[in-house]
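Here is what each chain is made of, one letter per residue.
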Amino acid sequence: MVRGFTIALSFLVSTLAAGPVFGQAASESNVVTATVNIAPLAKLNLSALSLTFPDTNPDTTPQVAAASGPLTITARARATPASTVTLTIRALDDLRSGTDVIPASAVSWTASGNGFVDGTLSAAADRAVGSWPTSGLHSGQQIFLFQNSWSWATGNYTVTLVYTLTAP
Amino acid sequence: MKTLFRLTLAAALLAFATASASAQVNQTLTINAAVNARASLTLSVASVSFADSDPDTVPNITASAAVTVTAKSRTSNGNAVTLTVLAPDLTEVGGGTIAASQISWGANGDLSAGTLSNAAVTLVSSTNSGQRAGDMTLVMVNDWAYATGAYSTTVTYTLSAP
């Protein structure tokens, strides 16, 4: 009983303190603003760290496929609205074996997967691998091909490629 | 109130800065390509023949077909590439012989003209990997001194790309 009186008194006091004249309707509204910050984010995963083209006869195999098969690419990106997520590739150099050189353009690829495109390597410029108009997970495959030629000097050639995923 | 305004402004600036920054990530992939030493030699025909002719009217008999030679090789940079031919003398079942040197050839493309010999004669002398090709037109000296018979010899082509 004492507790019930106390609660009723508290309600009365708070109602009076709120300002309206006794007998008028009282109302009050308030808002809570919820803010979520989603910043641009990019993650890139390749199914292999290296590819190897085996030695083959240029007459029977003019285009050599990588021994390990297709390279699977998984690109996750959050981008700002109306921007384009891009994935590019660039060779850091031509293929080299000591002083012998095979131009990076001897390596090309065919692509599968939504947004992925075919292309040819370059050591001078970025080449498009894929582009997407929205955020999301984009997965595809590249099948690399090495142009086999009788003109190449013998050797074990190497080059490093850099993939760059940009979410503006 | 002033503090609240400052906090609000700071939060707004932070939000703007975060929203305007782009994200970028790199991954590397190493490519290896093996290019080993190889040699490939192709002749357009497996045999040629010289028709019997009157030595007075046809002192030099042209072979039935030109031989197109295609030599492909991969080698280390700077290494020599050579293509040679050699043949034993022409022989017939009765024991008669015609010297291999009675056959010579004109050439075009990357090939040099020459005369057959029991020793290797250079047809191509070059360096580095690549493809060399040309046509050989074989001609045999027609001589009254030959004993009659059906003569033959085997010409061996050797492509070397160390």
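Please read all numbers here as calculations on a predicted model, not as lab measurements.

### Structural notes on the overall build of chain B
Of the regular secondary structure elements, chain B holds one helix and twelve strands. Among the 162 residues that make up chain B, the fraction classed as buried is 19%. Across chain B, the fraction of contacts at a sequence separation of at least 24, relative to all contacts at a separation of at least 6, is 73%.

### Description of the interface of chain A and chain B
Contact residues are listed per partner, giving 41 residues for chain A and 32 residues for chain B. Elements supplying a minimum of two residues to the side of chain A that touches chain B: strand E1 (41-46), strand E2 (50-53) and strand E12 (155-167) of chain A. For the side of chain A that touches chain B, the element with the most residues is E12(A), which contributes 13 residues. Among the residues forming the side of chain A that touches chain B, the class breakdown is 24 nonpolar, 13 polar and four charged. Of the pairings in the sheet, the one linking E2(A) to strand E1 (residues 23-35) of chain B comprises four bridges and is parallel in character. Bridging across to E1(B), Thr52(A) finds its partner in Asn32(B).

### Considering the sheet that holds strand E5 (residues 80-86) of chain B
All names here are of chain B. Read from one edge to the other, the open sheet built from three strands follows the order E10-E5-E12, with strand pairing classed as antiparallel. Of all strands in the sheet, those with a lone pairing partner are strand E10 (121-127) and strand E12 (156-160), marking the two edges. Strand-to-strand, the axes of this sheet are offset by a mean angle of 10°, without reference to chain direction.

### Things to note about the environment of Ser112(A)
Residue and element names in this part refer to chain A. On the secondary structure map, Ser 112 appears in strand E8 (residues 107-112). Note on Ser 112: 13 C-beta atoms within 10 Å, which makes it partly exposed. Measuring from C-alpha to C-alpha, the distance between Ser 112 and Ser 122 comes to 20 Å, with ten residues separating the pair along the chain. Residues within four places of Ser 112 in sequence aside, it is in contact with Gly 140 and Gln 141.

### Some words on the environment of Asp143(B)
Residue and element names in this part refer to chain B. Within the secondary structure, Asp 143 is located in the loop between strand E11 (130-141) and E12. According to the C-beta neighbour criterion, Asp 143 is exposed, with 11 such atoms within 10 Å. Distance in space between the C-alpha atoms of Asp 143 and Asp 54 is 8.8 Å, their sequence separation being 89 residues.

### Quick look at unusual backbone geometry
Even without being glycine, Ala82(A) reaches a positive phi, approximately 65°. With respect to the helices, strands and loops of the structure, Ala82(A) is situated in the loop between strand E4 (71-78) and strand E5 (85-91). By the C-beta count within 10 Å, which is 8 here, Ala82(A) ends up exposed. Backbone geometry places Asn128(B), a non-glycine residue, at a positive phi of 75°. Structurally, the position occupied by Asn128(B) is in the loop between E10 and E11. For Asn128(B), a count of 17 C-beta atoms within 10 Å translates into the label partly exposed.

### Regarding the pairing of E5(B)
A regular strand places its side chains so that they alternate between the two faces of the sheet. Residue and element names in this part refer to chain B. Here E5 shows a buried face lined by Val 81, Leu 83 and Val 85 and an unburied face lined by Ala 80, Thr 82, Thr 84 and Leu 86. Of the pairings in the sheet, the one linking E5 to E10 comprises six bridges and is antiparallel in character. Counted as the bridge partner of Val 85 is Val 121 from E10. Taken together, the five bridges between E5 and E12 define a ladder with antiparallel strand orientation. Within E12, the residue paired with Val 85 across the bridge is Tyr 157.

Criteria and cut-off values
Residues numbered from 1 in each chain as written. Chains lettered and ligands numbered in written order. Predicted model: local features only at pLDDT ≥ 70, side-chain atom pairs only at ≥ 80, totals over all residues. Helix = DSSP H or I, 4+ residues; strand = E, 2+ residues; numbered from the N terminus. Buried ≥ 20, exposed ≤ 12 C-beta atoms within 10 Å, placed from the backbone. Contact = placed C-beta atoms within 7 Å. Nonpolar A, V, L, I, M, F, W, Y, C, P; charged D, E, K, R; others polar. Pairing = 2+ DSSP bridges. Axes fitted to C-alpha atoms, helices over the stretch in contact; angles between N-to-C directions.

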